[in-house]
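# Remarks on the overall topology
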Amino acid sequence: MRQAIWTGLLAALLAVVMPALLITPIPEPEPETVALVIEPAAQQTETRQERAVRVKSGGEILEVPMEEYLTGVVLSEMPASFETEALKAQAVAARTFALRQMEGGKHTDCDLCADGCCCQAWSSREAMEQKLGDGWLRYWRKASEAVSQTAGEVLTYQGQLIDAVYFSCSGGATEDAVAVWGSEVPYLRSVPSRGEEDAPPFESEAAVSLAQFRSVILEENPQADLSGPAAGWFGELTYTEGGGVETLEIGGQPFSGTRLRTLFGLRSAKFSVSVAEGEIVFQVSGYGHRVGMSQYGANAMAKAGSSYREILQHYYTGVTIETKTP
């Protein structure tokens, strides 16, 4: 009898407890704790500054993001109407030049200046808007795309950033660095630059009166003998590898082609001299120092189907195109 009672009680107890056990959820394991690391504001600012260029313009030093700076350089140094591949070549050359200067260049108070005769020509977005007028935004976007499509790309030689110099027009061939600056640079060699013949600066002329010519030459070298007819003032002429004037004998004294270019404001040191009625006439080929990349030559190569990489590796002998992270 008692056994029957206990059996009934156990059955009743199970009937109450089991449903409660079945509907009680099994606790899930707690998720792992993940630490959220937020970069300090000071560190974020430092990273942004590393990507900026301190450029001196009009006596003011501005911090400009690299991409914006390069866009301003491309539009200031090369006609916006040039082929896209030429603009991309210009962007890579300009980036390389800028980063090399940022590692230790000519200036102590800034990275670069906006003077093309010293560093690289540069104009702000606002200045380009005023200069280019209604079509400025289209040209800005075109140059900006040339910069972004070559993002981080630089030119190196044996692992080091090169001195990526460039100029307007070669007059048919570029020049060895040693012929212009007196130092051998393995990647700055004379190379042909075809297709420039239609470029506005391909040929130019400069005329100087006999009196002015005599005055300038004698001030430079009083030993020059400029007596007698002007046709007899000129002697031996030698040329550089790139076709420029190496030395020209005037009044029995040697003058370098680069020095004569400076003295008479010639567009390049690739010239010939003739005597006209009461004048000395210089027939000049090309525009600029003629070392490195010819901009009009780059555009001619782009029109002929060359890529920006092919353009760069043509004008800078033996270089490598690498991507440099900021």
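In every chain, residue numbers begin from 1 and rise along the written sequence. In view of the model being predicted, local features appear only for residues whose pLDDT reaches at least 70, and side-chain atom pairs are presented and counted only at 80 or more, with totals across whole chains, interfaces and linings using the full set of residues. As a rule here, side-chain values come from all non-hydrogen atoms in the structure, and water together with hydrogens is ignored.

## Side note on the overall build of the chain
By the criteria applied, helices consist of DSSP H or I runs no shorter than four residues and strands consist of E runs no shorter than two, each listed in order from the N terminus. Within the chain, the regular secondary structure consists of 11 helices and 14 strands. Using a 1.4 Å probe on the protein chains alone, a residue whose accessible area is under 20% of its type maximum counts as buried, one over 50% counts as exposed, and one in between counts as partly exposed. Burial analysis of the chain (326 residues in total) assigns 40% to the buried set. Of the contacts made within the chain by residues no fewer than 6 positions apart, 64% connect residues no fewer than 24 positions apart. In short, Shrake-Rupley with a 1.4 Å probe defines the accessible areas, and a residue's cover is counted only from the protein chains shown. Surface accessibility of the chain: about 18,200 Å² in total, with carbon and sulfur atoms responsible for 51%. Contacts: residue pairs with any heavy atoms within 4.5 Å of one another.

## Some words on the layout of surface pockets
A probe matching the size of a water molecule, rolled over the atoms, marks out where space remains unfilled. For cavity detection a 1 Å grid was placed over the protein atoms alone, and a set of points counts as a cavity when a 1.4 Å probe fits there but cannot get out; an open set counts as a pocket when protein lies on both sides within 12 Å along at least five of seven lines, with lining residues being those that have an atom within 4 Å of a point. Grid points are joined across faces, edges and corners, and a volume is the space filled by probe spheres set on the points. The space that makes up the largest pocket amounts to roughly 730 Å³. As for the largest pocket, its lining consists of 26 residues, and the residues nearest its centre are Glu77, Gly116, Tyr166, Phe167 and His289. Residue assignment for the lining of the largest pocket shows that the elements contributing at least two residues are helix 3 (66–77), helix 4 (84–102), strand 6 (166–167) and helix 10 (295–303). Each residue belonging to the lining of the largest pocket can be placed in one class, and the counts come to 14 nonpolar, eight polar and four charged. Residues are grouped as follows: Ala, Val, Leu, Ile, Met, Phe, Trp, Tyr, Cys and Pro are nonpolar; Asp, Glu, Lys and Arg are charged; all remaining types, including Gly, are polar.

## Things to note about the packing of helix 3 against helix 6 (residues 136–148)
Between two packed helices, both the angle of their axes relative to each other and the distance between the axes serve to describe the pair. Note on geometry: axes are lines fitted to C-alpha atoms, helical ones only across the stretch in contact, with angles between N-to-C directions running from 0 to 180 degrees. The contact between helix 3 and helix 6 brings their axes to 9 Å, and the two run at 120 degrees. Handedness of the crossing formed by helix 3 with helix 6: right-handed. Contacts between helix 3 and helix 6 pair Glu67, Glu68, Leu70, Thr71, Gly72, Val74 and Leu75 from the former with Tyr139, Trp140, Ala143, Ser144 and Val147 from the latter. Partitioned by chemical class, the residues of the contact of helix 3 with helix 6 number seven nonpolar, three polar and two charged. Crossing handedness: left-handed means the near helix sits turned counterclockwise from the far one by under a right angle, and right-handed means the same turn made clockwise.

## What about the sheet that holds strand 1 (residues 52–57)?
Pairing between strands is defined by DSSP: at least two bridges between the two strands are required. The three strands lie next to each other as 2-1-3, forming an open sheet whose pairing is mixed. With one partner strand each, in any of the chains shown, strand 2 (60–65) and strand 3 (112–113) form the two edges of the open sheet. As defined by bridge partners, strand 1 adjoins strand 3 across two bridges and the pair is classed as parallel. What sits directly across from Lys56, in strand 3, is Cys113. Set on the sheet, helix 3 makes contact with strand 1, strand 2 and strand 3; between it and strand 2 the angle comes to about 110 degrees.

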